[in-house]
Amino acid sequence: MKITNVEAIVLRLPRVSAAADGTQDTCLVRVDTDAGISGWGEVDSCPEAVKAVIDAPMSHSNCSGLARVLVGLDPLAIEVCNHRLRVATNYYSSGGVAVHAMAGVDMALWDIAGKAVGKPIYQLLGGPFQTRFRAYSSVLFGDTPAATYDAARRWVDRGFTAVKFGWGPMGQSEATDVALVREARRGLGGADLLIDAGECFDARTAIRRANQFAEFRPYWLEEMLHPDDLAGYRQLSAASPTPIAAGETAAREAEFLRMLDEGGLDWIQPDPSRCGISTMLAVGRGATARHKRVCNHTFKSGITIAASLHVMAALPSVDVVEFCMADSPLRHDLTRERFDVVDGFTTLSDRPGLGVTVDLDTVAKYRVA
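Residues numbered from 1 in each chain as written. Predicted model: local features only at pLDDT ≥ 70, side-chain atom pairs only at ≥ 80, totals over all residues. Heavy atoms only, no water.

Asks: Would you mind going over the nonpolar core in detail, with residue names and values included?
Replies: General note: in soluble globular proteins, nonpolar side chains tend to be found buried as a group. If you look at the biggest cluster of nonpolar residues, it comprises 111 residues, and the most contacted ones within it are Ile54, Phe165, Met170, Ile268, Ile277 and Leu354. When residues in this core are grouped by element, the largest group, ten residues, is from helix 4 (residues 97-117). Apart from residues no more than four positions distant in its own chain, Met170 is found in contact with Phe141, Asp177, Leu180, Val181, Ile195, Ala197, Cys200, Phe201 and Phe213. (Core = buried A, V, L, I, M, F, W, Y, C linked by side-chain atoms within 4.5 Å. Buried < 20%, exposed > 50% of the residue type's maximum accessible area, 1.4 Å probe, protein only. Helix = DSSP H or I, 4+ residues; strand = E, 2+ residues; numbered from the N terminus. Contact = heavy atoms within 4.5 Å.)

Okay, here's the thing in structure tokens:
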């Protein structure tokens, strides 16, 4: 079997705001083969930039777009394909969008591999330890503490036993920060509360907030600092009464491991639409070996949700998984499968590959490039 075509597809809603919501646009990666099997991936990055990385012609042997390198390769030789891509992007892939683009390809190759042998990806990764996961609803803070309370009540009423609120007004003032968390806790009652600060604090302020938030019993505090502030994370992790989580912006295995080793994180959060299934699995195993915890970062469509769950199924001792509940057709309509949450749990199917069917009508409706 050989790769015959690699296509980057940019989708965008008619209206895109400045909200920290990755479901307003996306870049899909479709890899076709001469066996009639196609694989799908998704990238959480700047979609047009990802498309440029995939479509670019060759400049020279160490500087090339991804598609021309992949055509003719065996898609089942995933590590060979990934190695060829690393070589071909050597001059511009120290991080960022080039690595994100490769992550989308990696996801699509695993989808092909599962389909080719008629097995779900988690079996190819050595799982499953489990295929039923406690899902936390992942949403943004309301514009006000009162709106956050109302949202918390809605998610509990829908059966979630854990809810993460993030970004929004967090970081604008001490009083607002505390009020947002207080009202989230009040609305959730006994359900677990997860807090994503959106990288808005310095280390000193983050430590202060960790102590202020402690009375509201957060499950974890996420992205309290800029991801490069490993010294700050080390201080925060040592001082915080609540576990510290981060890692969604990392893309290379070494970045994640530095965050664990130098930053002292309690939880690491790889996103397969930025690092790929292969790297996410390696990071999860690295964290497990360090006696640290792993949870997916996922704020995209059902494609990325499926990829995340396949990796999580291949890792032991998973407690929660992120489950994006943004109100967007790119989140809910891009795959025919909806991943229902029943009594706070979602289940991964045993269908081959990713186990999802991309809705081509939705692709056509929102395609812009």
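Asks: Residues and numbers for the packing of aromatic side chains, please.
Replies: One pass over the structure, following the stated rule, counts seven aromatic pairs. Note on Tyr136 and Trp220: the rings are 5.7 Å apart at their centroids and 90° apart in plane angle, and the pair reads as edge-to-face. One end of the pair, Tyr136, is in strand 4 (residues 132-140); the other, Trp220, is in strand 7 (residues 218-222), and 84 residues separate them in sequence. Each member of the pair, Tyr136 together with Trp220, is buried. An aromatic cluster of at least three residues, connected via ring pairs, comprises Tyr136, Tyr219, Trp220 and Trp267. Seen from the ring of Tyr149, Arg186 lies directly overhead, with NZ or CZ sitting 4.1 Å from the centre. (Phe/Tyr/Trp six-rings, centres within 6.5 Å; stacked < 30°, edge-to-face > 60°. Lys NZ or Arg CZ within 6 Å of the ring centre and 35° of its normal.)

Asks: Go over the pattern of salt bridges, please, and point to the residues and values.
Replies: Inspection of the entire model under this criterion finds 23 salt bridges. Residue Glu222 pairs with Lys164 through a salt bridge whose shortest N-O separation is 2.8 Å. Linking Glu222 in strand 7 with Lys164 in strand 5 (residues 162-166), this pair joins segments that are 58 residues apart in sequence. Judged on exposure class, the residue Glu222 and its partner Lys164 are both buried. For Lys164, the salt bridge is made with Glu322, and the minimal N-O distance between the two is 2.9 Å. (Salt bridge = Lys/Arg side-chain N within 4 Å of Asp/Glu carboxyl O.)

Asks: Describe helix 6 (residues 145-157), listing the residues and the values that go with them.
Replies: The first and last C-alpha atoms of helix 6 sit 19 Å apart over 13 residues, in line with the 18 Å expected at 1.5 Å per residue. Turning to helix 6, its buried residues are Thr148, Ala151, Ala152 and Trp155. Considered in projection along helix 6, the buried side chains sweep an arc of 105° and stay on one side of the axis. Across helix 6 from its buried face, at more than 90 degrees, point the exposed residues Arg154 and Asp157. Buried residues in helix 6 make contact with strand 4, strand 5 and helix 7 (174-188). Just downstream of helix 6, Gly159 is the residue with a positive phi angle, here 100°. (Expected span 1.5 Å × (residues − 1). Arc of directions from axis to C-beta.)

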